[in-house]
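# Coordinate analysis (summary)
What follows is each chain in one-letter form.
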Amino acid sequence: MNSKKKGMTLIAKQRAAGWIFLLPATLMIAIMSFYPMIRAFIISLQTGAGANMRFAEPIFSNYKRIMADKVFQQSIANTFLYLIIQVPIMLVLAILLAQLLNNKDLRFKGFFRTCVFLPCATSLVSYSLIFRSMFATDGLINSILIKLGILSTGYNFLGNSASAKVVIILALIWRWTGYNMVFYLAGLQNIEYSVYEAAKIDGANGWKTFWKITVPLLKPTIIMTFIMSINGTLQLFDESVNLTKGGPANSTITMSHYVYNTCFINVPNFGYASAMSFLIFIMVAVLAFINLKVGDTRD
Amino acid sequence: MKKKLLAVLMTGIMAASFAGTATSVYAADDDNTLTVWAWDQNFNIKSMQMAGEQYAKDHDGFAVDVIETSSDDCQTKLTTAANAGDYSTLPDIVLMQDNSFQKYLKSYPDAFTDLKDMDVNWDDFGKLKQSYSMVDDTHYGVPFDNGAVIACYRTDVLEEAGYTLDDLTDITWSKFMEIGKDLHEKTGKYLLTSEATGGDTLMMMMQSCGANFVNEDGEAYIVGNDVAEKCINLYVDLVKNDVVKLVNNWDEYISTITGGEAAGIVNGNWITATLMSTEDQKGLWQITTMPKVDDVESATNYANNGGSSWYITSNCKNVELAEDFLASTFGSSTDFYDAILPASGAISCYLPAGESKVYNEPNEFFGGQPIFSTIVEYSSHIPEFTKTPYHYESRECVNTAVINIVNGASVEDALQEAQDTLAFKMTE
C-alpha cells in the first residue's frame, strides 16, 4: 500500500535509478556524436559557403560529385592500399611480439614491453616529421645505405610514388604495432597456462599450440584490433599531411587529407567535404560489420 | 590520501583551464584597442606593434593587442568562424596571405569591411600588389609586406663555373638553362632549387608573363594556353637537365640552400631572411632579377610570390579608428617604414619608402648590395595578371602535371588531366 502511495514499486525505483545513471552518458553521446553526425549529413546535402549554404539541386549532387572526382578516387585507392598491406603485417607482427613477450621465463619483460609500446606515446605529427627527415635524400637512411655501399647517391624516397607509399606503411607499422601488441598481451594473459601444459603433454609443438590454442582463444581480441585498425587506417591523416604532403602528384594522399584540403586549403566546400566524410563513415561501418559477421562463429 | 590529493589537483587544473578559456575574449571591449591576428614575432607582429606605438603617440589611450596566430591558423580560424556564421570571434584586423584573400572574399564576402572610405593614395603601392586585395574596383586590404620575386645566386659558385652575376641578370630561361647545365657539369651543383608539391616556381614563371592558369572569365585555362604550355615545358626541361633540383618539402628546400647544394634560388624576397640566417655564407650571395620566359611577348623579369596585407574584419566595432590607424601608419608614413625595416626586416611595398636613406643602405650579407631599395624597385615592375580564388587548386594541378611528365607521362595527357581536374574543382 505504501509503495502505491508513492507511485513506484521498489523495482520501478531501481529501474528509474538505472536510467538516471545512464542519462548523462547517453546525453553526452547524443550531443557530442549523434547530433554532429546528423548535422554533417544535412550539410552533405548542401552547397555554398558560410551563411549562404543552401540545399543542393538535385539533393544528392555532392554524392554524385564523388563519382567524378579523380583525386578523391585516387585517395580511396591509396587508403585501401595502406589498409590491405599494412594492417595484416602489423597485426601478425603484434601477435608474434606478444607471444614472445608473454614467455614466462623471459627476463626484463617490463623493459621489452615498454620498448615495443613506446612508439605509441609519440605524437603523430612528431613521428611523421622524424620519418620525413630520416627518409630525406640526405637523411639518416640514405646516409646508412651509402656508407654500407648499397647506394652511391641518396635515393629520393619521398619523391617517388612507390617508395613514398612504402615509407608511409613502414611508419604506420612502427607507430601502431606496439599498440596492438598490448591488446594481445592482455588477451594472452587471460589464457590459463594449464591449457598450454595440457597441450604440451599431448605432444603439440609450438606451431600447433599457437594455431590451435592461442589464435582461437584470442579471437575476440583479434577481431577488435582488426576493427580498430581498419577504422584507424581509413581515417589516416597525420602521416599523409606531415610525411609526404600527399605527394608526389597525389600518390600518397589519404581520404581524410583530401577532405581537409577541401575545407581549409582550397576554396572551402563544406558540403562536398561532408559528403566525402559520410562515405568514409559508411565504408568503416560496412567493413566493421563484415568483420564482426566473419568473426562470429556462434550459431 | 595520495589519491585524494591527486583528485584535488586534477580538479584544480581543470578549473584553471576552464577559467583560462573563459577569459580569452577576442574583440576588445575597450573602444581604443584594436585586436590583431598576425604571425611571425620578429616580422609582422613586431611591425604591427611598432605601428601601434607610433599611432599611440598622437592618440591617447590607443593600443593594439596582437594575438600571435600562425598563417595557417589565421585561415583555419577564419574558415571555421565564417562557416559557422559567427564572426564574433574574429579580431578587428587580420593579416592574410595575398594568395588566399580572393578565396576568402569569394566564400565569405561579409567577413570583411571594404575600404572605400579610407584616406590612402593607393597608387603609392604597386599596381599588382593592390590587385591582390581588390575586387572589381573596391579595396579590401592595406598592402604590407613585399612579395617581389628575386633571384639569389652564390657568386662563389658562379665564379667557379666561370660566370658572374651580370651573366644572370635580365636573362631568359633558355640562357639560364645553358648556364645551369654547364654549372652542374663543372660543379655538381644546381642553379635552382624548387619544391615538387606545393612549389611556386611555375606560378612565378606564369606571373612574370602576366598570365595565369585561369582565363579572364575565371575558368581553368591550361590546355590551349600557349604561355602555360611554354612555362610547363620549360620547367620540365629544367628539371630533366639537372638545372633544377626538385625537393619534396620545405625542410629539404632549406637544406639544399644551407648545405650548399643549390647555387641559386628564385623566390619571394622574404627568402632573404632565411638566407641571412646562414652566417657562414655571408657575402657569398647576391640578388638580381629572375629569368624571363622565352618567346612570350608579355614576358618580364619580374613576378610576385607571397606577401601579405592587413584586412579589417566585419567584427570590427570601430572601423573608423581601424581605418585611420592603418592609413596613417602602413598607408602613408615613410618614417614608419624606415623605423620597421631595421627592427624587423619587413620590406614595404609602399613605393615612396624605397627612396629613403634606410632603404638604400648596403647590405653586408649580400656583398654590399642595397637590396631593400632594389626589391622595392622590382615590385613596381611586376605585371598584373588575372587573380583567381582557386590559386592553390591550380598550383596543385600544374605541379602534379609536372611530376607526371617528369615521370614519363606525355605532355598532352598530363596537361589535359590538369585542365580537367582544375575545371572540376572550380565547379560546386
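Note that this is a predicted model, so its numbers are computed, not measured.

All right, on to the overall build of chain A then. When helices and strands are tallied, chain A shows 13 helices and two strands. The C-alpha radius of gyration computed for chain A amounts to 25 Å, which surpasses the reference 19 Å derived for 299 residues by more than 25%, pointing to a less compact arrangement than a globule. Overall, the C-alpha framework of chain A stretches about 95 × 70 × 35 Å when taken along its three principal axes. Residue burial in chain A is summarised as follows: out of 299 residues, 31% are buried.

Helix and strand counts for chain B stand at 16 helices and twelve strands. Taking 22 Å as the expected radius of gyration for a compact globule of 428 residues, we find that chain B reaches 23 Å, a close match to that expectation. By its C-alpha atoms, chain B is 70 × 60 × 50 Å across when sized along the principal axes. Within chain B, the proportion of its 428 residues that are buried is 50%. Across chain B, every contact between residues at least 6 apart in sequence was considered, and the portion connecting residues at least 24 apart equals 76%.

Within the fold, Lys181 of chain B resides in helix 7 (residues 173-187). Along the chain, Lys181 of chain B and Leu238 of chain B lie 57 residues apart, while their C-alpha atoms are 8.9 Å from each other.

The subject of this paragraph is the nonpolar core. Most often, soluble globular proteins keep nonpolar side chains buried together rather than apart. Met206, Cys231, Ile232 and Tyr235 of chain B are the most contacted members of the largest nonpolar core, which totals 144 residues. A per-element tally of this core places helix 9 (residues 226-240) of chain B first, with nine residues. The next biggest cluster of nonpolar side chains, apart from the first, holds 30 residues, and it includes Leu101, Ala136, Trp176 and Leu185 of chain A.

Another point: unusual backbone geometry. In this structure, the amide linkage connecting Glu57 of chain A to the following residue, Pro58 of chain A, adopts the cis form with an omega of -10 degrees. Residue position: Pro58 of chain A is located in the loop between strand 2 (54-55) and helix 3 (61-68). One non-glycine residue with positive phi stands out, namely Asp170 of chain B, at about 55 degrees. Assignment of secondary structure puts Asp170 of chain B in the loop between helix 6 (155-160) and helix 7.

Residues and elements named next belong to chain B. Ordered in space as 10-7-11, the three strands form an open sheet in which the pairing is antiparallel. Across the chains shown, the open sheet's two edge strands, defined by having one partner strand only, are strand 10 (264-268) and strand 11 (285-288). When the angles between neighbouring strand axes are averaged without regard to direction, this sheet yields 25 degrees. Sheet topology places strand 7 (residues 149-154) next to strand 10; five bridges connect them, and they run antiparallel. Bridged to Ala151 within strand 10 is Val266.

Turning to the environment of Val259 of chain A, a few remarks are in order. Residue and element names in this part refer to chain A. Within the secondary structure, Val259 is located in helix 12 (residues 255-265). Accessibility expressed as a C-beta count within 10 Å gives 22 for Val259, which makes it buried. Once the C-alpha coordinates of Val259 and Lys64 are considered, the two residues, 195 residues apart in sequence, prove to be 16 Å apart. Setting aside chain neighbours within four positions, we find Val259 in contact with Ala273, Met276 and Ser277.

Calculation notes
- Residues numbered from 1 in each chain as written.
- Chains lettered and ligands numbered in written order.
- Predicted model: local features only at pLDDT ≥ 70, side-chain atom pairs only at ≥ 80, totals over all residues.
- Helix = DSSP H or I, 4+ residues; strand = E, 2+ residues; numbered from the N terminus.
- Rg over C-alpha atoms; globule rule 2.2 N^0.38 Å.
- Buried ≥ 20, exposed ≤ 12 C-beta atoms within 10 Å, placed from the backbone.
- Contact = placed C-beta atoms within 7 Å.
- Core = buried A, V, L, I, M, F, W, Y, C linked by C-beta atoms within 7 Å.
- Pairing = 2+ DSSP bridges.
- Axes fitted to C-alpha atoms, helices over the stretch in contact; angles between N-to-C directions.

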